[in-house]
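Each chain is listed here by its residues.
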Amino acid sequence: MFSTLFTGYALAHFAIAMSLVVLLIKRGYVPGAIFVAFTSFALTFDNGMIAWGAKIGPGDLLLSMSLPRFYMHAAFTPFLMFVAWMIAERAGLAFTRRRSLYFAMWLLVLGMSAWGIYADLAGGLELQVACLGDTLRYTTSAPPPQFCSPDQVSLPSHGPPIPSIAVVVVGTIIGALLWRAAGWPWLMLASVFMFFASGAPKANLGPTIGNLGEIVLQAAFAATLWRFSRPRSNG
């Protein structure tokens, strides 16, 4: 059951990524579209690894294939904040013309990326197997209901994902401004959904709710990029 669900998640992210490829073909350069497409392709791989991990089996192969999931989350997730900024700029929101806020946003993005790398990767990334239904994956800390063997113990938790929380906060704020200025509520609503999805209990459901929130947020970013992109000039 869970492997089928995560396969569906992977296909959903692939569809989002391809919609942005179509956007780039139809309208040329769209600020932020390449990055959101890359993130969706990465999340396709992420969910695919969860769906098919049990078929690969625990060991060095699955572990080495799982490591990029954590590297990409740590380093690149904060850049969605700058994508939200670029969308706001395309929408003509006045605050994007203030250079001080522009540099403050870059400092926030780079700071959160550095935080994610330090929190998850500094001193070596230690992972352990987790079993959820018919799936098997590597994670930073498996709760007891997802132990794969009777003698397994949980690794220490890394604490709350501060960079991901920052992305949700920035997405909510800029999304609210887009709703007020342009009548487009979807980025804000998706960010709020992601906030609650990421806080859903994981002991018995693992990443199922949080990963659903990622689909909703990525879809909202893609739809918002379509909404505020400009048609390719014929000149």
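Residues numbered from 1 in each chain as written. Predicted model: local features only at pLDDT ≥ 70, side-chain atom pairs only at ≥ 80, totals over all residues. Heavy atoms only, no water.

Enquirer: Explain the packing of aromatic side chains to me, and be specific about the residues and the numbers.
Expert: Scanning the model with the defined rule gives 12 aromatic pairs in all. With a centroid separation of 5.5 Å and an interplanar angle of 85°, the aromatic rings of F38 and F76 are classed as edge-to-face. Taken as a pair, F38 in helix α2 (residues 33–56) and F76 in helix α3 (residues 60–76) lie far apart in primary sequence, 38 residues in all. Looking at F38, the relative accessible area reads 37%, which means it is partly exposed. A centroid spacing of 6.2 Å and a plane angle of 70° characterise the contact between F79 and W106, whose relative ring orientation is edge-to-face. In this pair, F79 is assigned in the loop between α3 and α4 (80–90) and W106 in helix α5 (residues 99–121), connecting sequence segments 27 residues apart. Judged by relative accessible area, which is 26%, W106 ranks as partly exposed. Clustering of aromatic rings is evident, with ring pairs tying together F35, F79, F82, W85, F95, Y102, F103 and W106. The ring of Y102 has R99 lying over it, and the distance from NZ or CZ to the ring centre is 4.9 Å. (Phe/Tyr/Trp six-rings, centres within 6.5 Å; stacked < 30°, edge-to-face > 60°. Helix = DSSP H or I, 4+ residues; strand = E, 2+ residues; numbered from the N terminus. Buried < 20%, exposed > 50% of the residue type's maximum accessible area, 1.4 Å probe, protein only. Lys NZ or Arg CZ within 6 Å of the ring centre and 35° of its normal.)

Enquirer: So what's going on with the pairing of strand β1 (residues 128–132)? Residues and values would help.
Expert: Of all five residues that make up β1, four are buried, and the element is covered over most of its length. Pairing geometry for β1 and strand β2 (residues 135–139), over five bridges, is antiparallel. Residue V129 lies in a different strand from β2, and its bridge partner there is Y138. The antiparallel pairing of β1 with β2 creates a hairpin that spans two residues between the two strands, and G133 there sits at a positive phi of about 60°. (Pairing = 2+ DSSP bridges.)

Enquirer: I'd love a proper account of the pattern of salt bridges, names of residues and values included.
Expert: Inspection of the entire model under this criterion finds one salt bridge. A salt bridge links D46 to R69, with the nearest nitrogen and oxygen atoms 2.5 Å apart. Placement of D46 in helix α2 and of R69 in helix α3 is noted, with a sequence separation of 23 residues between them. Each member of the pair D46 and R69 is classed as buried. (Salt bridge = Lys/Arg side-chain N within 4 Å of Asp/Glu carboxyl O.)

Enquirer: Could you give me a rundown of the side chain of S113, with the residues and numbers involved?
Expert: Along the chain, S113 falls in helix α5. Within the structure, the side chain of S113 is placed 2.8 Å from the backbone oxygen of A75, a separation counted as a polar contact. Apart from residues no more than four positions distant in its own chain, S113 is found in contact with A74, A75, P78 and F79. (Polar contact = N/O pair within 3.5 Å; in protein donor to acceptor, adjacent residues only side chain to side chain. Contact = heavy atoms within 4.5 Å.)

Enquirer: Could you give an account of the state of the cysteines, naming the residues involved and the relevant values?
Expert: By the definition in use, this model includes one disulfide. Paired through a disulfide, C131 and C148 show a sulfur-sulfur distance of 2.0 Å. In this structure the cystine formed by C131 and C148 twists about its S-S bond by roughly 115°; its chirality is therefore right-handed. With C131 in strand β1 and C148 in the loop between β2 and α6 (162–182), the pair connects residues that are 17 residues apart, well separated along the chain. (Disulfide = S-S within 2.5 Å.)

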